[in-house]
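# Coordinates in review
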Amino acid sequence: MKKLFIVLILVFTGPLYAQKKKKAEKIADPLAGIEKELEQILKDRKAAGFAVAVVKKDSVIYARGFGYRDYENKLPVTPNTLFAIGSCTKAFTASLLGLMNKEGSLDFNKPARDYLPGLKFFNDDLTRNITVKDLIVHRTGLPRHDLSWYLFSTDSREELLKRIEYMEPTAPLRQTWQYNNFMYLVQGMVAEKHYGETWEKIVDKKLLEPMGMKRSNSSIPVLTADSDAALGYELKNDSLVSKMDYYNINAMGPAGSINSSAIEMTRWLKVWINKGKLNGKEILPESYINEAISSQMVISPLLPQPESPDVHLSNYGYGWMLSSYRGHYRADHGGNIDGFSANVAFYPTDSIGIVVLTNQNASSLNSVVRNTIADRLLVLKPVDWNDRMNKAQAKSGSGSTGEENRKKGTQPSHHLEEYAGLYTHKAYGTFEVKYQNDSLMAVFPVEKMWLRHYHYDVFQAVGYDDNGRVDTTEVFNVLIPFYMNEAGDIVSTKLQLQPGLDALTFTKAGKSKEVSENELQVFVGEYQLAPQAIARVYTKDKKLYLFIQGQPEYELLPVGDRKFEIKTLTGFSVEFEGKDDSVEAVKFIQPNGIFKAGKVK
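From a predicted model like this one, the values you see are computed outputs, not experimental measurements.

## Regarding the overall build of the protein chain
The secondary structure content of the protein chain amounts to 16 helices and 31 strands. Along the longest, intermediate and shortest principal axes, the C-alpha atoms of the protein chain span 135 × 60 × 45 Å. Taking all 601 residues of the protein chain together, 49% fall into the buried category. Sequence separation of at least 24 residues holds for 56% of the intrachain contacts in the protein chain that already meet a minimum separation of 6. The average position of the 74 basic charges and that of the 72 acidic charges among the side chains of the protein chain differ by 8 Å.

## Some remarks on the packing of aromatic side chains
A ring pair, where both rings are aromatic, is described by two values, the distance of the centres and the angle of the planes. For the structure on display, the rule yields 38 aromatic pairs. An aromatic cluster of three or more residues is present, and its members are Phe152, Tyr419, Tyr423, Tyr428, Phe431, Phe444, Phe459, Phe482 and Phe506. The ring of Tyr184 carries Lys90 above its face, with NZ or CZ at 5.7 Å from the centroid.

## A few points about the nonpolar core
General note: in soluble globular proteins, nonpolar side chains tend to be found buried as a group. Ranked by internal contacts, the top residues of the largest apolar core, which has 109 residues, are Phe92, Ile164, Trp268, Trp272, Leu284 and Trp320. Those residues in contact with Phe92 that sit more than four places away from it in its chain are Ile85, Leu207, Leu208, Met211, Met213, Ile258, Met265 and Trp268. Core analysis: the next-biggest nonpolar cluster, separate from the first, contains 25 residues, Leu38, Val54, Val356 and Leu378 among them.

## Notes on the environment of Phe108
Following the sequence through the fold, Phe108 ends up in the loop between helix 3 (90–103) and helix 4 (124–129). Along the primary structure Phe108 and Asp125 are separated by 17 residues, whereas in three dimensions their C-alpha atoms are 18 Å apart.

## Focus: the packing of helix 3 against helix 8 (residues 181–195)
Two elements in contact, helix 3 and helix 8, have axes separated by 10 Å at closest approach and are oriented at 40 degrees. The angle between helix 3 and helix 8 places the two elements in the oblique class. Here helix 3 runs over helix 8; the crossing is left-handed. Between helix 3 and helix 8, the contacting residues are Lys90, Thr93, Ala94, Leu96, Leu97, Leu99, Met100 and Glu103 on the first element and Asn181, Tyr184, Gln187, Gly188, Val190, Ala191, His194 and Tyr195 on the second. Residue classes in the contact of helix 3 with helix 8 are distributed as 9 nonpolar, 5 polar and 2 charged.

## Let's talk about the environment of Leu235
Counting through the fold element by element, Leu235 comes out in strand 5 (residues 232–236). Sequence-wise, Leu235 and Ala48 are 187 residues apart; in three dimensions their C-alpha atoms are separated by 9.3 Å.

## Observations regarding the sheet that holds strand 17 (residues 429–436)
Ordered by their spatial adjacency, 8 strands build a closed barrel running 16-17-18-19-20-21-22-23, and the pairing between neighbours is antiparallel. Averaged over all adjacent pairs, the angle separating strand axes in this sheet is 35 degrees, with direction ignored. Where strand 18 (residues 439–444) lies against strand 19 (residues 447–455), 5 bridges are found, and the strand directions are antiparallel. Its bridge partner lying in strand 19, Leu440 is registered against Leu451.

## What to know about the sheet that holds strand 1 (residues 49–56)
Taking strand neighbours across the sheet as the criterion, the 9 strands line up as 3-2-1-15-14-13-12-11-10 in an open arrangement whose pairing is antiparallel. Looking at which strands have only one partner, the edges of the open sheet turn out to be strand 3 (75–76) and strand 10 (297–300). Both strand 14 (residues 340–347) and strand 15 (residues 352–358) contribute to a ladder of 7 bridges, which runs antiparallel. Residue pairing across strands places Ala345 opposite Ile354, the latter belonging to strand 15. In the packing of helix 2 (residues 35–45) onto the sheet, the strands contacted are strand 1 and strand 2 (59–70), and the crossing angle to strand 2 comes to about 35 degrees.

## Concerning the pattern of salt bridges
Scanning all chains against the criterion turns up 24 salt bridges. As a salt-bridge pair, Asp125 and Arg128 come within 3.8 Å of each other at their nearest N and O atoms. One end of the pair is Asp125 and the other is Arg128, both in helix 4 and 3 residues apart, which spans about a single turn. With its nearest N and O atoms 3.3 Å apart, the salt bridge here joins Arg370 to Asp332. Here Arg370 is found in helix 14 (residues 365–377), whereas its partner Asp332 is found in strand 13 (residues 328–337), with 38 residues between them in sequence. By relative accessible area, Asp332 is classed as buried at 8%.

## Some details on helix 9 (residues 199–211)
Helix length check: helix 9, at 13 residues, gives a terminal C-alpha distance of 17 Å against a target of 18 Å (1.5 Å per residue), a fit within 8%. Its maximal kink placed at Lys205, helix 9 deviates by approximately 40 degrees. Here helix 9 has its buried residues at Trp199, Ile202, Val203, Leu207, Leu208 and Met211. At the exit of helix 9 stands Gly212, carrying a positive phi of roughly 75 degrees.

## A closer look at unusual backbone geometry
Notably, His145 is not glycine yet its phi reads approximately 50 degrees, a positive angle. Within the element layout of this structure, His145 appears in the loop between helix 5 (132–136) and helix 6 (147–150). Unlike most non-glycine residues, Ser351 shows phi in positive territory, near 55 degrees. You can see Ser351 is positioned in the loop between strand 14 and strand 15.

## Quick look at the confidence of the model for the protein chain
Of all residues in the protein chain, 94% attain a pLDDT of 70 or more, and the chain-wide mean is 92. Ignoring residues within four places in sequence, the model shows residues 20–26, a span with pLDDT below 50, making 0 contacts including any to other chains.

## Considerations on helix 14
Counting along an α-helix, one turn takes 3.6 residues, and residues three or four places apart therefore face a common direction. When the terminal C-alpha atoms of helix 14 are compared, their 18 Å separation across 13 residues agrees well with the 18 Å that a helix rising 1.5 Å per residue should span. Looking only at helix 14, the buried set comprises Leu365, Asn366, Val368, Val369, Arg370, Asn371, Thr372, Ile373, Ala374, Asp375 and Leu377. Backbone geometry just after helix 14 places Val379 at a positive phi near 55 degrees.

Cut-offs used in this document
- Residues numbered from 1 in each chain as written.
- Predicted model: local features only at pLDDT ≥ 70, side-chain atom pairs only at ≥ 80, totals over all residues.
- Heavy atoms only, no water.
- Helix = DSSP H or I, 4+ residues; strand = E, 2+ residues; numbered from the N terminus.
- Buried < 20%, exposed > 50% of the residue type's maximum accessible area, 1.4 Å probe, protein only.
- Contact = heavy atoms within 4.5 Å.
- Lys, Arg positive; Asp, Glu negative; His and termini not counted.
- Charge placed at Lys NZ, Arg CZ, Asp CG, Glu CD.
- Phe/Tyr/Trp six-rings, centres within 6.5 Å; stacked < 30°, edge-to-face > 60°.
- Lys NZ or Arg CZ within 6 Å of the ring centre and 35° of its normal.
- Core = buried A, V, L, I, M, F, W, Y, C linked by side-chain atoms within 4.5 Å.
- Axes fitted to C-alpha atoms, helices over the stretch in contact; angles between N-to-C directions.
- Parallel < 35°, antiparallel > 145°, perpendicular 65-115°, else oblique.
- Left-handed = near helix turned anticlockwise from the far one by under 90°.
- Nonpolar A, V, L, I, M, F, W, Y, C, P; charged D, E, K, R; others polar.
- Pairing = 2+ DSSP bridges.
- Salt bridge = Lys/Arg side-chain N within 4 Å of Asp/Glu carboxyl O.
- Expected span 1.5 Å × (residues − 1).
- Bend = angle between axes of the 7 residues up to and from the residue.
- pLDDT = per-residue confidence, 0-100.

So, in structure tokens, the structure goes:
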């Protein structure tokens, strides 16, 4: 009987052992045959190409490129192809402050201004109370104000820093999570002040070099010089793959300027999966790693939905989005910049990391690829994320064209030349409206637009093609209305650049002309403004000035042959009258009228 029992055990455990072995073999290669799915995602998302790499503990278990890094010349993407990773840079910048915290040179809970005295916010209360942690976790109360750095780009970090003082918040401090790139600029400048070097050099020395990320960089020239770098693309008219120029983030680098490859980004993932160590060497303190992937601020409720009951939670750590993905804790961050999208994700308790980099603008491909791979690695019931995205895009509308509000048959109130000038807002910067070829052009530091008349004194921004010609297929969702003062002069425009705030007023100044000191001498003299009021005009430091008793000294900016704007008074100007090289009188043009003064001396 005992012998028969042993035989039965062998009979029943044999098939069971074979099943376990078969299952183990299946789990050992969870990504077998996934290329077919990834190729379909590439096709359905209509992307030029992408690279993906997967980490398990200390090993790269999958790395491959799909599609093309150069779509026109059909040069393939490889795991070593460089892409712009955009805001995935933020975790690097926050980590520099983590290193400073370990050194004892920075306290996350102290006011940010303690470490960067030049930092000022919209009011004194915010300036005194916003902490370093508030910067990192996006809870300062400031909305994005992204067009301040994107449309009004500059290579001066100090200039961007000064703009923050004039940026209006839309929520109280620490009440609402609001993503803000400027706060990562500030963190980069905190690191620069402490280490005495540029953020770019600090990232290289403290993070990229120790991790062996030799080709990763923060420079567009370095990116373009690389023999395996991707070009950026966008999808036009839902089907046309169109090349985009690289966008040089310049001063905003700490928020999103790193370029890297899928292979090199696996080193970064290994650091986070292995509690701050790479190949046994500490890159980041374990204490910082734990804090950075802990919930510091609620982004949104993200309650379970019928179609995704096991995807919920939306919090923020230090440069990482935190969520519950089908019962697994996930930290990730996306990145988008002209022509490129990225996603870097890891599952701490599963020791798995996934990086997806694509050369498609504002792409959904990254999350679809990431989730498709994650479901296999985590041995979850497969979800067709690609099909879900296809259906979601099919349901999305085309949006309003804005034509329904247009009042046809109207005309501008002024000759087009009178709208020309420099328009400035302290939180954003200056753009120029130019009059050329009987048209108006709006010239921003990184963009030039044709202003097509919309109605009355409102114009619509239209793009240019690569050859500098007007491209009527590219109509920006921007209307530019112009306003006049009581004297009928165009003095400002209002641009709706930040949701949640009223349109921002950009005040007009004439574009200053180059006038020599000898040419200015003709205007020098005294003018009888009233029986007891003399206006004195004189030169100083090769500039023209106006002084009236009881008022401050005013600098006069030349904007026409005989017309000058008063530098510090919007809507105030003077125009000299006379024949040939002589001056007989001056007109003071003010919002409340025009006053004439004859020359007496």
